[in-house]
Amino acid sequence: MLRARNQAYGYARAVAKEDGWPPFLPAVDVGHVIEVYADFLRQGQGYTQFPDDLHNPEVRARLIAIWNDPLSLDPAKISAAVTRKVAGHLVELGQFFEGQGHAPEDVATFLIRCLFTMFAEDVELILQGSFTAKLQDLRGHPQHAQPTLQSLWQTMDTGGFSTVLSTDLKRFNGGLFKNATALPLNALQLGLLIEAASHNWREVEPAIFGILLERALDKRQRHKLGAHYTPRAYVERLVTPTVMESLRADWRDVQASALTYATQDNLKDVRATVEAFHRRLCDIRVLDPACGSGNFPYVALELMKRLEGEVIALLRDLGQDQAALGLVGHTVDPHQFLGLKLNPWAAAVAEFVLWIGYLQWHFRTHGKASPAAPVLRDFKNIENRDVVLDWDARRERRDTTGALVTRWDEIGTFVHNVTGERVPDPQARTQVLDYTKLRPAKWPVADFIIGNPPFFGASRMREALGDGYTEAIRAAYPKVPDSADFVMFWWEKAALAARAYAPAHDKGCRRFGLIATNSLRQTFNRKVLETHLNDPTTPASLIFAIPDHAWVDAGDGAAVGIAMTVAEKGRCEGRLFTVATESKTPMPTKPRCVAEYATRHDLR
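Caption draft 1: Geometry of the overall build of the protein chain. Across its full length, the protein chain carries 16 helices and 22 strands. Residues classed as buried in the protein chain amount to 51% of the 604 residues present. A sequence separation of at least 24 residues applies to 72% of the contacts in the protein chain between residues at least 6 apart. Carbon and sulfur atoms form 52% of the exposed surface of the protein chain, whose accessible area is close to 27,500 Å².

Caption draft 2: Expanded view of unusual backbone geometry. Residue Pro 374 is bonded to the preceding Ala 373 through a cis peptide linkage, with omega at -5°. Phi is positive for Ser 166, close to 55°, though the residue is something other than glycine. Among the secondary structure elements, Ser 166 is positioned in the loop between strand E4 (160-162) and strand E5 (167-169). For Lys 380, which is not glycine, the phi torsion reads 55° and is therefore positive.

Caption draft 3: Geometry of the confidence of the model for the protein chain. Mean pLDDT over the protein chain stands at 84; residues scoring 70 or higher make up 86%. Within the protein chain, no element has a lower average pLDDT than strand E22 (residues 594-599), which sits at 44, and none a higher one than strand E6 (residues 286-288), at 97. Throughout residues 222-228 the model reports pLDDT below 50, and contacts reaching past four residues in sequence, or to other chains, amount to 26 contacts.

Caption draft 4: How the structure looks around the packing of aromatic side chains. For the coordinates displayed, the defined rule picks out 20 aromatic pairs. Taking the centre distance of 5.9 Å and the plane angle of 25° together, the rings of Tyr 234 and Trp 551 count as stacked. With Tyr 234 in helix H9 (residues 232-263) and Trp 551 in strand E19 (residues 540-552), this residue pair connects regions lying 317 residues apart in the sequence. Pair check on accessibility: Tyr 234 and Trp 551 agree, each one buried. Chaining the aromatic ring pairs together yields one cluster made of Phe 97, Phe 110, Phe 116, Phe 119, Trp 153, Phe 172 and Phe 177. The side chain of Lys 493 reaches across the aromatic face of Trp 443, ending 5.1 Å from its centre.

Caption draft 5: Highlighting the pattern of salt bridges. Scanning all chains against the criterion turns up 23 salt bridges. Asp 506 is paired through a salt bridge with Arg 280; the nearest N and O atoms lie 3.0 Å apart. Here Asp 506 is found in the loop between helix H15 (488-499) and strand E18 (511-517), whereas its partner Arg 280 is found in helix H10 (residues 267-281), with 226 residues between them in sequence. A relative accessible area of 25% means that Asp 506 is categorised as partly exposed.

Caption draft 6: Quick peek at the side chain of Glu 121. Residue placement: Glu 121 occurs in helix H4 (residues 104-122). Only 3.2 Å separates the side chain of Glu 121 from the backbone nitrogen of Ser 130, close enough to count as a polar contact. Only 2.4 Å separates the side chain of Glu 121 from the side chain of Thr 132, close enough to count as a polar contact. Sequence-distant contacts of Glu 121, that is, excluding residues within four places in its chain, are made with Ile 126, Leu 127, Gln 128, Gly 129, Ser 130, Phe 131, Thr 132 and Ala 197.

Caption draft 7: Structural detail: a nonpolar patch on the surface. Together, Val 28, Val 30 and Ile 34 line one region of the surface with nonpolar side chains, adding up to about 290 Å² of accessible area. With respect to the helices, strands and loops of the structure, Val 30 is situated in the loop between strand E1 (24-29) and strand E2 (33-38).

Caption draft 8: Expanded view of the environment of Lys 437. Locating Lys 437 in the fold gives a position in the loop between strand E15 (433-436) and strand E16 (439-440). Sequence separation of Lys 437 and Asp 390 is 47 residues, and the distance between their C-alpha atoms is 8.3 Å. When neighbours within four sequence positions are excluded, Lys 437 is seen to be in contact with Asp 390, Trp 391 and Asp 392.

Caption draft 9: Examining the pairing of E2 more closely. As judged from the six bridges shared by E1 and E2, these two strands associate in the antiparallel manner. Bridged to Asp 29 within E2 is Val 33.

Caption draft 10: Examining the environment of Arg 232 more closely. Within the secondary structure layout, Arg 232 lies in helix H9. Under the relative-accessibility criterion, Arg 232 is labelled buried at 16%. Every residue in contact with Arg 232, bar those within four places of it in the chain, is listed here: Glu 205, Tyr 298, Val 299, Glu 302, Leu 303 and Arg 306. Reaching out from Arg 232, the side chain makes a polar contact with the side chain of Glu 302 at a distance of 3.0 Å.

Caption draft 11: Broad picture of the nonpolar core. With 106 residues, the main nonpolar core has Phe 110, Phe 116, Trp 153 and Met 304 as its most contacted residues. For this core, the element with the highest residue contribution is helix H12 (residues 344-366), accounting for 13 residues. Not counting the four nearest positions on each side in its chain, Met 304 is found in contact with Val 243, Met 244, Leu 247, Leu 281, Ile 284, Val 286, Val 332, Gln 336 and Phe 337.

Caption draft 12: Region of interest: helix H5 (residues 130-137). Listing the buried residues of H5 in full gives Ser 130, Phe 131, Thr 132 and Leu 135. On its buried side, H5 packs onto H4, helix H6 (145-158) and helix H7 (187-197).

Caption draft 13: Quick look at the packing of H5 against H7. Running from N to C, H5 and H7 point in directions that differ by 155°, and their axes come no closer than 10 Å. What the angle tells us is that H5 and H7 run roughly antiparallel. For the pair H5 and H7, the crossing hand works out as left-handed. Listed contacts from H7 to Thr 132, Leu 135 and Gln 136 of H5 are Leu 190, Leu 193, Ile 194 and Ala 197.

Caption draft 14: Region of the structure containing the packing of H9 against H10. Following both chains from N to C, one finds H9 and H10 inclined at 165°, their axes separated by 8 Å at the closest point. Taken together, the axis directions place H9 and H10 in an arrangement best described as roughly antiparallel. The handedness of the crossing between H9 and H10 is left-handed. On H10, the residues that touch Leu 247, Asp 250, Trp 251, Val 254, Ser 257, Ala 258, Tyr 261 and Ala 262 of H9 are Asp 269, Val 270, Thr 273, Val 274, Phe 277 and Leu 281. In terms of residue class, the contact of H9 with H10 is made up of 10 nonpolar, two polar and two charged.

Caption draft 15: Main features of the environment of Arg 237. Assignment of secondary structure puts Arg 237 in helix H9. Remark: the alpha-carbon pair of Arg 237 and Met 564, spanning 327 residues in sequence, is separated by 9.0 Å. Within the structure, Arg 237 has its side chain in polar contact with the side chain of His 549 (distance 2.7 Å).

Caption draft 16: Just H4, in detail. Under the 1.5 Å per step criterion, the end-to-end length of H4 is 27 Å for 19 residues, consistent within 8% with the ideal 27 Å. Of the residues trailing H4, Glu 124 is marked for its positive phi of about 65°.

The rules we used
- Residues numbered from 1 in each chain as written.
- Predicted model: local features only at pLDDT ≥ 70, side-chain atom pairs only at ≥ 80, totals over all residues.
- Heavy atoms only, no water.
- Helix = DSSP H or I, 4+ residues; strand = E, 2+ residues; numbered from the N terminus.
- Buried < 20%, exposed > 50% of the residue type's maximum accessible area, 1.4 Å probe, protein only.
- Contact = heavy atoms within 4.5 Å.
- Areas by Shrake-Rupley, 256 points an atom, 1.4 Å probe, with all protein chains shown as cover.
- pLDDT = per-residue confidence, 0-100.
- Phe/Tyr/Trp six-rings, centres within 6.5 Å; stacked < 30°, edge-to-face > 60°.
- Lys NZ or Arg CZ within 6 Å of the ring centre and 35° of its normal.
- Salt bridge = Lys/Arg side-chain N within 4 Å of Asp/Glu carboxyl O.
- Polar contact = N/O pair within 3.5 Å; in protein donor to acceptor, adjacent residues only side chain to side chain.
- Patch = residues over 30% accessible without salt bridge, like charges linked within 9 Å, V, L, I, M, F, W, Y side chains within 5 Å.
- Pairing = 2+ DSSP bridges.
- Core = buried A, V, L, I, M, F, W, Y, C linked by side-chain atoms within 4.5 Å.
- Axes fitted to C-alpha atoms, helices over the stretch in contact; angles between N-to-C directions.
- Parallel < 35°, antiparallel > 145°, perpendicular 65-115°, else oblique.
- Left-handed = near helix turned anticlockwise from the far one by under 90°.
- Nonpolar A, V, L, I, M, F, W, Y, C, P; charged D, E, K, R; others polar.
- Expected span 1.5 Å × (residues − 1).

Here it is in structure tokens:
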């Protein structure tokens, strides 16, 4: 079947230039088995098994749809609609809690606990429908909601018998339910929670939900909750060349070795080779040093889980009982996906998104079998700290008269009585700080670095970050020109990490991929790239680039133009892509959305 799958891939490659990559690759051993591989992005890079049980009549209907209406089976279409419905309730709750004076961190923690509990009942980690029923029982008595939720979450933290649900609960732990306090609710807030709980949380799309949840919790972004969000296809377009191309190349090498051993009837070495790859896959670390709502780590997690599914399927074919791997912890899981985030509650959102995505994949793969206890683990993989700058101390800046120097806090606004637009409130001020003993921040060691750093250019750094921080970061990175955009500090750090990669020992960063402003080609930014691309001893090379690509700003939902770049150590050929078409609906002909040209690392 492996040879049949590769043969099907060859056929697809042959027709891709004229008709585009097909969404499905079926492989058939007549009278025995039908295997189906899907890639709804139609990029030719991510064909993974489309798991189904043909004994089920609904599954047989899906098999018919593969031939008659293949794109109707794209799960992203269903989950995106569900996710938007759920997010509408969050904005109302956020507004109510904010009006009552609760701190943003407390609101975020409370809502994430509620949302995870709703998810837990829908995937039957707790008794299905039990949490929703308890919320409904509290109608008319909202004053009892706070102690009820606190008692439930304390039991979820430790495991044991819950007096709230009158049943034994698994040990969830993981830090989410530690110090399990709850906020008081009024009747309207309780009603909104009940409405949110009525949705099927099994179908929520984490890649979208994290963005919407972050907007709902941040009053600066809440009015943009209905704005566009970055399509998952865009995120996957960068994750694939950065992370998955290398891993899939490794997997093809392993498959080739396995076939060689198989022809020699050496099944012991076949299994050993595949098992070694699986162990390595479970040790891969992916870092997002601007992790936002966890979008990039989640997509990387899902794509690596798909690859792991192929590995386990082959091991099962080789006679190994690998189905238990995902139940005992030897599996691709959230601890491998690292993030750095300055906002503490936004870091909690990113971690929540990773766990939801991981557990969704677990239950799709293992049915109702529970993951190993504790269900959640406090890996501390999402760090709450400054991403690019470290210092020993900060002090208030004062002018020559000794008065504190302040600036607009980037939060307070009011509606202008003439233009009707929101403008900065002159009374909303924050202190300007000076920093001592500056140095670049250290990043965790990772095999791959990927992310979407802040977009603003050099001219906006003082306005957005303040004079003190802007002067400090420029002092800490003397090789980055003052005229360079803010994102170039990420590019500098990632390039240094990639150039330090030791391929002989497979240690360090193999590749990095970053979103940057589309002014990357201009002189003031290009200087940062040239330092690394033209180094005479340990250069880096751009292996993938799209110099002008549509994007959606995670903060305000605005359409912007960006550049995608992927680089690795050494001198090698790269691929330059230009956007040819973008469409929300499948195109009747040539559905490819990028055109490819072979090139060196040339962004002129």
